[in-house]
Amino acid sequence: MTPILRVENLHHTYASPAGEAIHALRGIDLTVHAGEYVAILGANGSGKSTLAKHLNALLLPTEGDVWVKTWNTRDASRTLDIRATVGMVFQTPDNQIVATIVEEDVAFGPENLGIPHDEMVRRVNWSLEQVGMLSFRQRAPHLLSGGQKQRICIAGVLAMQPQVLILDEATAMLDPVGRDEVLDIARRLNREQGVTVVAITHFMREAIHADRVIILSDGRIALEGTPRELFRQVERLRSLQLDVPQMTELACRLNRRFPDFPADILSVDEMAGALAQSGRLLPPTDLEHTPASRPAVVTQQDRAAEPPLIAVRNLVHDYMRGTPLQVRAVHDVSLDVHAGEIVGLIGHTGSGKSTVVQHLNGLLRADGGSVTVLGQDLSSPGADVRAVRRQVGLVFQFPEAQLFEQYVGDDVAYGPRNLGLDREAVRARVRHAMESVGLGFEAFKDRLTFGLSGGQRRRVALAGVLALEPRVLALDEPTAGLDPQGRRQLLDLILGLHRTGITLVIISHNMEELAAICDRLYVITDGRTAMQGSPAEIFGHAQELRGMGLDAPAVAMLMDRLAEQGLIRPGPAVYTVEQAEAFLAALLGAPEA
Amino acid sequence: MQNFELLRNVTIGQYIPAGSAVHRLDPRAKILAAGMLVLAVSFNTSILANTVFLALVLAVTLVARIPVRYMLRGLLMAVPVLVFIFVMQALFLGWNEPAGAVYVQWGWVRLTRNSLHLMVISMLRIIAFIFLTSLVTMTSTTTELTHGVELLLTPLRRVGVPAHELALILTIALRFVPTLAEEVERIMKAQASRGGEFGVQRIWRPDKLAKAYLPLIVPLFLSAFRRAEELVLAMEARCYVSGAARTRYVVLRARPLDYAVAAGAFLFALWMMFYPLPAVRELLALLGIEGL
């Protein structure tokens, strides 16, 4: 094998906006061979994206060297050769597309390289075919989905015929469908075209298919090995602020109870195989269904007695109404939210779930059906929308993008000031809101908003909504773009808010998160309510969810698989790792028949 | 109730895909023809020639299968401007000349034969400008137009006109119009959810207006800067070097019809610029029509 990328004792230091030196990389040694698929993992701030930018000379070393083939990245005369050899796809597809027509964007790289016209046309066709977007060549990129846009970006890189493809968190902003599309393409290019792939990500499950995994922490390589070798070190990975795939975690837990149970399991298939082979798995017994791990605050019976806080009936919504571009985003959605509940909305991008949520505080008006919030019919012209907005707080995706004040305290105060409260009342609300998101009032109120970390800014934005003291909080993808530790912290925070009596509506496509925290779920596809029920009821239909282009939690998929193979009785209410551990341990530990 | 759907109001690049012969013309021919005609109209002071020109533009509109209704809607936006110009001219134009046939004199307003003539001409001109430019944008995609502009400017590279860079700036600007429009919509909704209100401020208090829009403008600019930075990295990663020699993916090939259109527009422009020709004037005088 020939090395295609060689990194020797790489250091990178840059000045932070505040002027202090930040050591992003502190001595990295790394060799990538032609044809390898390498995953580089690490929490936010571990230096993984900085490392990636050294591999195609977007950054130059402060100390040490980086070679691409035989070229040192410091050699400016080779910069274009290096960038044509090492193609890079970035996180946000929108910010990489240059042209207003798909095929012209794909041609941008070859144009820069001075490729003759006929060859360029051939390359554009070939690249679009590789990513399955040939029929979209004349489209405008802004009308495509996130996954499709990212595929266009990959095609744009492929058209330069690179030998290495770097995916710099290229899947972080995509929904599960888009993520799978992109990863499938990367795997296929690696296998069939021999393209070397370096995939940078925070998510372990994206690294399962890599030949080699490199874990960065604090600018250094902390661990290196095959996915199988690394993933079983669950505790070590946790301490590096990373997550393990559900199946690996389950395997490790079972391994602790039954030492002969294999701990190095990566996928549902392997787990089902291992369980079948263990030979101890009994045909279904009358085991009690494991109850959800979180005790419900209010019981179902109590809830049915009082009217729901929010009732949506047969909602219809059209965008661009009254123009030739009118499209129906929501056809027929009904849902109830009762006081004290955590309700989850599941659906892939474009299913209409975000549109539905914007009706809950009157940002959008129904074009059909009705929306009743806290007893007010929002479709009637006399509805007091401002009062509803005060009661139903809406937190958008990436809410940190809405911050605008210089100081944290002022930004959180925007809502209360809009309510016309006096100084003292505003101050009290800001203090309470900041403290409930874990930002000390005195410590943070005079900090510069834009000097905070991404996770802290998201908390400030959340506090800005909480300062309105809403009864219901609706969150659109609250954990999107965070690393595993950030996700866990934010979910804990949200659950803490729920304990103070706030009713939650959570939109997410992270099924494992929803499975762990929600009382009830609604599945929305093509603008219609497709399924509703408790997590147990919904995730018992893992196959149907797959059919709708949605992920089921890996545990739910496993139960489905086991039931299919006749190893357990169908439909156990098991969808979290804890439940699966208890359920399977009981089965595995049962005496032989 | 506010209307958050900003995309509906974005009219840039209002392309109407009717697939007519006009649509299929080379964008360079359309840009050149429109440019020459605009120039010619600006020099012509004859009501007859301006009317003929307007009729011609409407005829091409019909050939292009563009509903005349759409054209008139474009005019609607210009009504305030037209009214403003008309009022200003009515107030001031008449006093420019000491003599001449005064038709109406009422206080400050004095309408003379000459001022009325100029007023009619300027209205006809503005309407013709609007129709002509809409006709070009309605029959060519923004992409075609940027390629057209780039290729037309390419010969000027030698005298230092950065043709490709200008076209790229234009393309990127157009590319980000929908993206930023969506962004504005999202930020507006987020701030509205925090009790923020837009569009209810009084315009005669610009200080309050600016303050109310700060929660919208600051995040929008920050996001635009962040996007710009990422775009620069992505372009560099794809080997973009400003000013470097590069090849072109899109190749425009002019057909005989394109040359004919450009030549026809040139001749018509010449006629407009030098009309009234002496011969035509004599002919018209014979028919008893004068002073058009």
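Residues numbered from 1 in each chain as written. Chains lettered and ligands numbered in written order. Predicted model: local features only at pLDDT ≥ 70, side-chain atom pairs only at ≥ 80, totals over all residues. Heavy atoms only, no water.

Student: With reference to specific residues and values, describe the overall build of chain A.
Tutor: Secondary structure summary: chain A contains 24 helices and 20 strands in total. Its C-alpha atoms give chain A a radius of gyration of 26 Å, near enough to 25 Å, the size a compact globule of 593 residues would have. Viewed in the frame of its principal axes, chain A has a C-alpha envelope of about 75 × 70 × 55 Å. Looking at chain A as a whole, 57% of its 593 residues are labelled buried. (Helix = DSSP H or I, 4+ residues; strand = E, 2+ residues; numbered from the N terminus. Rg over C-alpha atoms; globule rule 2.2 N^0.38 Å. Buried < 20%, exposed > 50% of the residue type's maximum accessible area, 1.4 Å probe, protein only.)

Student: A description of the overall build of chain B should follow, citing residues and the corresponding values.
Tutor: The helix and strand inventory of chain B stands at 10 helices and 2 strands. For chain B, the succession of helices and strands along the chain, N to C, is α-α-α-α-β-β-α-α-α-α-α-α. For chain B, with 292 residues in total, the buried portion stands at 38%. A sequence separation of at least 24 residues applies to 74% of the contacts in chain B between residues at least 6 apart. When the accessible surface of chain B is summed, it comes to about 16200 Å², and 71% of that surface belongs to carbon and sulfur atoms. (Contact = heavy atoms within 4.5 Å. Areas by Shrake-Rupley, 256 points an atom, 1.4 Å probe, with all protein chains shown as cover.)

Student: Mind laying out the nonpolar core, listing which residues take part and the relevant values?
Tutor: All names here are of chain A. With 80 residues, the main nonpolar core has Phe261, Met271, Leu473, Phe539 and Leu558 as its most contacted residues. Counting residues per element, this core draws most heavily on helix 23 (residues 554-564), which supplies 8 residues. Ignoring sequence-local partners within four residues, the contact set of phenylalanine 261 consists of Ala251, Leu254, Asn255, Met271, Ala274, Leu275 and Leu588. Formed by 54 residues, the second largest nonpolar core is a distinct cluster that contains Leu128, Val157, Leu189 and Leu237. (Core = buried A, V, L, I, M, F, W, Y, C linked by side-chain atoms within 4.5 Å.)

Student: Which residues make up the packing of aromatic side chains, and what values go with them?
Tutor: A complete count under the given rule lists 6 aromatic pairs over all chains for this structure. Arranged with centres 5.0 Å apart and planes meeting at 80°, the rings of A:Phe404 and A:Tyr414 form a pair that is edge-to-face. Highlighted residues: A:Phe404 in the loop between strand 16 (392-395) and helix 15 (408-418) and A:Tyr414 in helix 15, separated in sequence by 10 residues. One aromatic cluster in this structure is built from B:Phe53, B:Phe268 and B:Trp271. The lysine or arginine in question, A:Lys445, covers the ring of A:Phe441, its NZ or CZ lying 5.8 Å from the ring centre. The ring of B:Phe176 carries B:Arg175 above its face, with NZ or CZ at 4.3 Å from the centroid. (Phe/Tyr/Trp six-rings, centres within 6.5 Å; stacked < 30°, edge-to-face > 60°. Lys NZ or Arg CZ within 6 Å of the ring centre and 35° of its normal.)

Student: Tell me about the pattern of salt bridges, residues and numbers included.
Tutor: Here the idea is simple: oppositely charged side chains can pair when their charged atoms come close. Residues and elements named next belong to chain A. Taken as a whole, this structure holds 46 salt bridges over all chains when the rule is applied. The salt bridge partner of glutamate 513 is arginine 487, with a shortest N-O separation of 2.8 Å. Placement of the pair is glutamate 513 in helix 20 (residues 511-517) and arginine 487 in helix 19 (residues 484-499), with a sequence separation of 26 residues. Neither glutamate 513 nor arginine 487 differs from the other in exposure class; each is buried. Here the salt bridges share partners, and the residues they tie into one network are Arg238, Asp243, Glu249, Arg253, Arg257, Arg488, Glu578 and Glu581. (Salt bridge = Lys/Arg side-chain N within 4 Å of Asp/Glu carboxyl O.)

Student: Account for the interface of chain B and chain A, with residues named and values stated.
Tutor: The partner chain A presents 68 residues to the 52 residues of chain B that form the contact. Taken together, the two surfaces of chain B and chain A that pack against each other cover about 5200 Å², and 57% of this comes from carbon and sulfur. Looking at the side of chain B facing chain A, the largest losses of area belong to B:Arg194, B:Arg238 and B:Tyr249, adding up to 21% of the total buried there. At the junction of chain B with chain A, the criterion picks out 26 residue pairs in polar contact (both at pLDDT 80 or more). At the level of elements, helix 6 (142-153), helix 7 (163-193) and helix 8 (206-237) of chain B are the ones that each hand at least two residues to the side of chain B that touches chain A. Across the side of chain B that touches chain A, the residue classes break down as 29 nonpolar, 9 polar and 14 charged. (Buried area = accessible area lost by both parts, 1.4 Å probe. Polar contact = N/O pair within 3.5 Å; in protein donor to acceptor, adjacent residues only side chain to side chain. Nonpolar A, V, L, I, M, F, W, Y, C, P; charged D, E, K, R; others polar.)

Student: Tell me about the packing of helix 4 (residues 68-92) of chain B against helix 5 (residues 113-139) of chain B, residues and numbers included.
Tutor: In helix packing, the relevant descriptors are the interaxial angle and the interaxial distance, both defined with respect to the helix axes. Residues and elements named next belong to chain B. Relative to each other, helix 4 and helix 5 sit at 155°, their axes nearing to 10 Å. In terms of their interaxial angle, helix 4 and helix 5 are classed as roughly antiparallel. Regarding helix 4 and helix 5, the two cross each other, and that crossing is right-handed. Along the contact surface, helix 4 presents Tyr70, Met71, Leu72, Gly74, Leu75, Ala78, Leu82, Ile85, Phe86, Gln89 and Ala90, while helix 5 presents Met119, Ser122, Met123, Ile126, Ile127, Ile130, Phe131, Ser134, Leu135 and Met138. Across the contact of helix 4 with helix 5, the residue classes tally to 17 nonpolar, 4 polar and no charged. (Axes fitted to C-alpha atoms, helices over the stretch in contact; angles between N-to-C directions. Parallel < 35°, antiparallel > 145°, perpendicular 65-115°, else oblique. Left-handed = near helix turned anticlockwise from the far one by under 90°.)

Student: Tell me what's going on with unusual backbone geometry, and back it up with residues and numbers.
Tutor: Residue and element names in this part refer to chain A. Despite not being glycine, glutamine 161 shows a phi value in the positive range, around 50°. With phi around 50°, glutamate 169 is a residue other than glycine that occupies positive phi space. A residue is classified by how much of its surface remains accessible, and glutamate 169, at 10% relative accessible area, is buried.

Student: I'd like a rundown of the confidence of the model for chain A, residues and numbers included.
Tutor: Within chain A, residue pLDDT values average 88, and 94% of them lie at 70 or more. The least confident element of chain A is helix 12 (residues 300-305) of chain A, whose mean pLDDT is 56; the most confident is strand 6 (residues 86-89) of chain A, at 96. (pLDDT = per-residue confidence, 0-100.)

Student: Go over the side chain of A:Arg458, please, and point to the residues and values.
Tutor: Residue and element names in this part refer to chain A. Looking at where arginine 458 falls in the secondary structure, it is placed in helix 18 (residues 454-466). Exposure remark for arginine 458: the relative accessible area of 4% places this residue in the buried category. A polar side-chain atom of arginine 458 sits 2.8 Å from the main-chain carbonyl oxygen of alanine 480. Other than its neighbours up to four places away in sequence, arginine 458 contacts Phe398, Pro399, Glu400, Glu477, Pro478, Thr479, Ala480, Leu482 and Leu490.

Student: Quick rundown of the sheet that holds strand 1 (residues 3-15) of chain A? Include the residues and the values.
Tutor: Residue and element names in this part refer to chain A. Here 4 strands make up an open sheet; going across it, the order is 2-1-4-5 and the pairing antiparallel. In this open sheet, the two edge strands, each paired with only one partner strand, are strand 2 (21-33) and strand 5 (71-72). Pairing geometry for strand 4 (residues 63-68) and strand 5, over 2 bridges, is antiparallel. Each residue of the ladder has a partner; that of valine 68, found in strand 5, is tryptophan 71. (Pairing = 2+ DSSP bridges.)

Student: Lay out the sheet that holds strand 8 (residues 196-201) of chain A in plain terms, naming residues and giving numbers.
Tutor: All names here are of chain A. Overall, mixed pairing links the 6 strands, which are arranged 6-7-8-3-9-10 in an open sheet. Where the open sheet ends on each side, the last strands, each with one partner, are strand 6 and strand 10 (220-225). With strand direction ignored, the average angle separating the axes of adjacent strands in the sheet is 20°. Where strand 3 (residues 37-41) and strand 8 come together, 5 bridges link them in parallel fashion. By the bridge assignment, alanine 39 is partnered in strand 8 with alanine 199.

Student: Account for the pairing of strand 9 (residues 212-217) of chain A, with residues named and values stated.
Tutor: It is a general feature of regular strands that their side chains alternate between the two faces of the sheet. Residues and elements named next belong to chain A. The element strand 9 is extensively covered by neighbouring structure, given that 5 of its 6 residues are classed as buried. When strand 3 meets strand 9, the two strands line up parallel, connected through 4 bridges. Note on strand 9: the bridge partner recorded for isoleucine 40 is isoleucine 214. Bridge count between strand 9 and strand 10: 5 bridges; the pairing is antiparallel. The partner of leucine 216 across the bridge, within strand 10, is isoleucine 221. A loop of 2 residues connects strand 9 with strand 10, the two strands running antiparallel in sequence, and aspartate 218 in this loop sits at a positive phi of about 55°.

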